[in-house]
Amino acid sequence: MPTHTPTAVTPSVTDVLEVRRHPLCGPSDRMPARYRGPHRLGHAGWLGFTERLERREEIALVRSATAASHRVLDVGGGTGELTRAVASQLGRCTTVEPHGSRVATLNAHAGDSRTGTVEPVPGHAESLPFPDRSFDAVLAAWVLPYVDDLEQSVREMARVCDIGHPQARVVLIGGAPDNELVGLLNETCVPLTGEPLDHQGFLLATAAEILAPLGFRHFSLHRTEAALHFPETAPEERVHAAAGSLVGLWYEDHPRAPDMRRAIAPALRRHFARRPHAIGDQGVALIARPNPPQE
Ligand SMILES: C[S@@+](CC[C@H](N)C(=O)[O-])C[C@H]1O[C@@H](n2cnc3c(N)ncnc32)[C@H](O)[C@@H]1O
C-alpha cells in the first residue's frame with residue numbers, strides 16, 4: 001500500500017466563476033462546452049475495479065464532510081462503501097440507486113448494526129423520490145459522469161437539501177486533473193469511440209454554476225489520493241489485469257473493447273515502469289454550502 005500525502009484543502013471559494021478557473025477543476029485549456037453524456041458503467045467491470053480500489057483518504061473526507069449532519073442522502077450509492085461509512089458515524093444513511101442488483105447489495109447491508117442503518121431506495125438522481133428539504137447533506141461520489149441529465153440531477157440534489165439547515169451542503173466527488181486512470185482512458189480508449197474526451201473538472205464546475213443560483217454559493221475544493229492496486233508480480237500479468245479493469249469500467253460491452261485492451265497495453269507498460277503496482281484514482285470533492293464554512 002502506498003504512503004498517503006495529506007488531503008489538500010483549498011481556501012473557500014465564494015465566487016462561482018473561481019470554481020471553473022480553479023486548478024482542481026482543470027485542465028482549463030480542455031474544458032468542454034457541454035456535457036458529453038453518460039459513460040456506461042460496466043457491472044462486472046466496476047465490481048472488479050472496486051476490489052482493487054483503496055480510498056481511505058476519500059472515505060475520511062466524506063466522514064468529515066458529513067460529521068455534523070443528521071440526515072444524509074448518498075446519491076448513486078453503488079456497493080454502499082461510502083453509504084456505510086456515513087451510516088456508521090451517524091447511525092443511518094439513505095441512498096438512492098437505480099441499478100437493481102446494486103440495490104440488492106445495499107439491502108443486504110441495510111440492517112447491519114455495526115455499520116448503522118443503510119436505507120436503500122431505488123431511483124435516479126434526475127428525479128429523487130423525496131420531498132423538498134428532506135436531508136441536511138446530499139453526497140454524490142463518482143456519479144455525475146453516469147447521469148443522463150447533469151443539470152436536472154444537480155437541481156434535484158439542491159431541492160432535497162434543506163438549505164435552511166446550518167450544516168446544509170451538497171458534496172460532489174469526481175476525478176482530479178491528474179487522475180491517472182482517466183488520463184490512461186482518455187489517451188488510449190476514448191479516441192476509439194469517437195466520443196469527446198472525459199473531463200471530470202467540467203462536471204464539478206458546471207455543478208457549482210447550477211448550485212450557486214439555487215443558494216449554495218460557498219464552495220470549497222479538497223483533493224484526495226486513491227489508487228487501484230495491482231499486486232501481481234509478473235509485469236505482463238499486471239498489464240493484462242489493468243487493461244481489463246480500466247476498459248471494463250467504461251467499455252465492458254463496447255464492440256471495440258478488445259481493441260481498447262490492446263491499445264491501452266503500451267500506455268500501461270509505461271505507467272507501471274514509473275509506478276509499478278498502482279494506478280492513481282485521485283479525486284476532488286466540491287463542497288457547496290449556503291453558509292460560509294465554519295471549519
Ligand atoms: C462509479 S459508481 C459510484 C458509487 C458510489 N457513489 C461510490 O463512490 O462508491 C456510480 C454509481 O452511480 C449510479 N448511477 C448511475 N446513473 C445514475 C443516476 N442517473 N442516478 C443515480 N445514480 C446513478 C450507478 O448505478 C453506480 O452505482
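Coordinates for the structure precede this section.
Residues numbered from 1 in each chain as written. Predicted model: local features only at pLDDT ≥ 70, side-chain atom pairs only at ≥ 80, totals over all residues. Heavy atoms only, no water.

A.B. asks: I keep staring at the site of the ligand and nothing clicks. Help me out?
C.D. replies: The ligand sits among 19 residues. The nearest are Arg55, Gly76, Glu97, Arg102 and Ala125. For the ligand, an oxygen atom lies 3.4 Å from a polar atom in the backbone of glycine 78. One of the side-chain N or O atoms of glutamate 126 is found 2.9 Å from a nitrogen atom in the ligand. Compared with its free state, where it exposes 590 Å², the ligand has 94% of that area covered by protein. More than half of the atoms belonging to the ligand lie within 2 Å of the grid points that define the largest pocket. For the shell around the ligand, the residue count by class is 10 nonpolar, 5 polar and 4 charged. (Near = heavy atom within 4 Å. Polar contact = N/O pair within 3.5 Å; in protein donor to acceptor, adjacent residues only side chain to side chain. Areas by Shrake-Rupley, 256 points an atom, 1.4 Å probe, with all protein chains shown as cover. 1 Å grid on protein atoms, 1.4 Å probe; cavity = no way out; pocket = protein on both sides within 12 Å on 5 of 7 lines; lining within 4 Å. Sits in = over half its atoms within 2 Å of the grid points. Nonpolar A, V, L, I, M, F, W, Y, C, P; charged D, E, K, R; others polar.)

A.B. asks: How should the layout of surface pockets be read in this particular structure?
C.D. replies: Unoccupied space between atoms shows up once a probe the size of one water molecule is rolled over them. Its boundaries defined by the atoms lining it, the largest pocket holds a volume of some 790 Å³. Forming the boundary of the largest pocket are 41 residues, of which Leu41, Arg102, Trp142, Val143 and Tyr146 lie nearest the centre. At the level of elements, α2 (43-52), β3 (72-75), α4 (81-90), β4 (92-97), α7 (180-188) and α10 (235-251) are the ones that each hand at least two residues to the lining of the largest pocket. Here the lining of the largest pocket is composed, by residue class, of 20 nonpolar, 11 polar and 10 charged. In this structure, the second largest pocket is lined by 17 residues; those nearest its centre are Pro27, Arg30, Val182, Asn186 and Asp198. Residue assignment for the lining of the second largest pocket shows that the elements contributing at least two residues are α7 and α9 (200-211). Considering each element in turn, the lining of the second largest pocket owes the most residues, 3 residues, to α7. (Points joined across faces, edges and corners; volume = space filled by probe spheres on them. Helix = DSSP H or I, 4+ residues; strand = E, 2+ residues; numbered from the N terminus.)

A.B. asks: Honestly, helix α5 (residues 100-108) in this entry has me stumped. Any pointers?
C.D. replies: Think of an α-helix as 3.6 residues a turn; residues three or four steps apart then line up on the same face. Arg102, Val103 and Leu106 are the residues of α5 that are buried. Projected onto a plane normal to the axis of α5, the buried residues spread over an arc of 100 degrees and lie on a single side. Facing away from the buried surface of α5 by more than 90 degrees, the exposed residues are Gly100 and Ala108. Elements in contact with the buried residues of α5: α2, α4, β4 and β5 (117-122). (Buried < 20%, exposed > 50% of the residue type's maximum accessible area, 1.4 Å probe, protein only. Arc of directions from axis to C-beta. Contact = heavy atoms within 4.5 Å.)

A.B. asks: Could you clarify how one ought to interpret empty space enclosed by the protein in this entry?
C.D. replies: All chains considered together, the criterion is met by 1 cavity of 30 Å³ or more. In this model, the largest cavity occupies a volume close to 70 Å³. Along its surface, the largest cavity is lined by Pro32, Arg34, Tyr35, Arg36, Gly37, His39, Pro145, Leu197, Asp198, His199, Phe202 and Leu203.

A.B. asks: Even after reading the chapter, I still don't get the pattern of salt bridges, so can you show me in this structure?
C.D. replies: Once the charged atoms of two side chains with opposite charge are near each other, the side chains can pair. Tallied over the entire structure, the rule returns 20 salt bridges. Here glutamate 151 makes a salt bridge to arginine 155, at a shortest N to O gap of 3.1 Å. Linking glutamate 151 with arginine 155, this pair stays in helix α6 (residues 150-160), spanning 4 residues, or about one helical turn. Classification of arginine 155 by relative accessible area gives partly exposed; the value is 37%. Residue aspartate 259 is joined to arginine 262 by a salt bridge in which the shortest nitrogen-to-oxygen separation is 2.7 Å. Highlighted residues: aspartate 259 and arginine 262, both in helix α11 (residues 257-274), separated by 3 residues, approximately one helical turn. On the basis of relative accessible area, aspartate 259 is assigned to the partly exposed category, the value being 25%. When salt bridges with common partners are traced through the structure, they connect Arg71, Arg133, Asp136 and Asp162 into a single cluster. (Salt bridge = Lys/Arg side-chain N within 4 Å of Asp/Glu carboxyl O.)

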